[in-house]
Amino acid sequence: LKVCVGTWNMGGKPCPDDVNLNGWLQRDAFDVYAVGVQECEAGAGVSMAYERPKWEKRLSDCIGPRYVMLAKHCLGTTHVACFVRKELEGECHDVHTAQVITGVGKV
């Protein structure tokens, strides 16, 4: 099983339209991709609700049609998405997400 795990601190900026993610997330090179971003769209503690669908589509387009999003989870401007090859989806069971708020004042 080949797994790619990556994270990107976007520094409070939206997902750029002109960034090529293919150099970072090589298409069809892995069985599972787990990708996280921090401070996407805004600084820490501010919701990224407007940017989230765009970011998920960019990831899906980059990773390719042979993958499905198995799980995703957000907490403020932190977002993680996990993609798995379609042929492995049936082997994935009991997928859950959770969060623990640990910042100053539990924010």
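In the block above lies the structure referred to throughout.
Rules used in this analysis
Residues numbered from 1 in each chain as written. Predicted model: local features only at pLDDT ≥ 70, side-chain atom pairs only at ≥ 80, totals over all residues. Heavy atoms only, no water. Pairing = 2+ DSSP bridges. Helix = DSSP H or I, 4+ residues; strand = E, 2+ residues; numbered from the N terminus. Axes fitted to C-alpha atoms, helices over the stretch in contact; angles between N-to-C directions. Contact = heavy atoms within 4.5 Å. Expected span 1.5 Å × (residues − 1). Polar contact = N/O pair within 3.5 Å; in protein donor to acceptor, adjacent residues only side chain to side chain. Core = buried A, V, L, I, M, F, W, Y, C linked by side-chain atoms within 4.5 Å. Buried < 20%, exposed > 50% of the residue type's maximum accessible area, 1.4 Å probe, protein only. Phe/Tyr/Trp six-rings, centres within 6.5 Å; stacked < 30°, edge-to-face > 60°.

### Structural notes on the sheet that holds strand E1 (residues 3–13)
Here is step 1: Pairing in this open sheet of 4 strands is mixed, and the strands run E1-E2-E4-E3 from one edge to the other. Since the sheet does not close on itself, it has two edges, and those belong to E1 and strand E3 (67–75), each with one partner. With strand direction ignored, the average angle separating the axes of adjacent strands in the sheet is 15 degrees.
Here is step 2: Of the pairings in the sheet, the one linking strand E2 (residues 32–40) to strand E4 (residues 78–85) comprises 6 bridges and is antiparallel in character. Within the sheet, the bridge partner assigned to alanine 34 lies in E4 and is cysteine 82.
Here is step 3: Helix H1 (residues 52–63) contacts E1, E2, E3 and E4 of the sheet and is inclined by roughly 30 degrees relative to E4.

### Focus: H1
Here is step 1: Here H1 is 12 residues long and its end C-alpha atoms lie 16 Å apart, about the 16 Å a rise of 1.5 Å per residue gives.
Here is step 2: Once H1 ends, the next one or two residues include glycine 64, with phi positive near 110 degrees.

### Thoughts on the environment of threonine 7
Here is step 1: Residue placement: threonine 7 occurs in strand E1.
Here is step 2: Between the C-alpha atom of threonine 7 and that of histidine 79, which follows or precedes it by 72 residues, the distance is 9.5 Å.
Here is step 3: Each residue touching threonine 7, except ones within four places of it in the same chain, is listed here: Trp24, Gly36 and Gln38.
Here is step 4: A distance of 3.5 Å separates the side chain of threonine 7 from the backbone oxygen of glycine 36, its partner in a polar contact.
Here is step 5: A polar side-chain atom of threonine 7 sits 2.3 Å from a polar atom in the side chain of glutamine 38.

### Considering the nonpolar core
Here is step 1: Within the largest apolar cluster, 17 residues are counted, with the highest numbers of intra-cluster contacts made by Leu25, Tyr33, Val35, Trp55, Leu59 and Phe83.
Here is step 2: Of all the secondary-structure elements, those providing two or more residues to this core are E1, E2, H1 and E4.

### A short note on the side chain of arginine 58
Here is step 1: Mapped onto the elements, arginine 58 comes out in helix H1.
Here is step 2: Note on arginine 58: relative accessible area 18%, which makes it buried.
Here is step 3: Apart from residues lying up to four places away in sequence, arginine 58 is in contact with Cys15, Pro16, Asp17, Val19 and Leu21.

### Section: the packing of aromatic side chains
Here is step 1: Going through the model one piece at a time under the given rule, you end up with 4 aromatic pairs.
Here is step 2: Centroid distance phenylalanine 30 to tyrosine 33: 5.5 Å. Interplanar angle 80 degrees. Geometry classified as edge-to-face. Comparing phenylalanine 30 with tyrosine 33, the two get one shared label, buried.

Just geometry here; none of it tells us what the structure is for.
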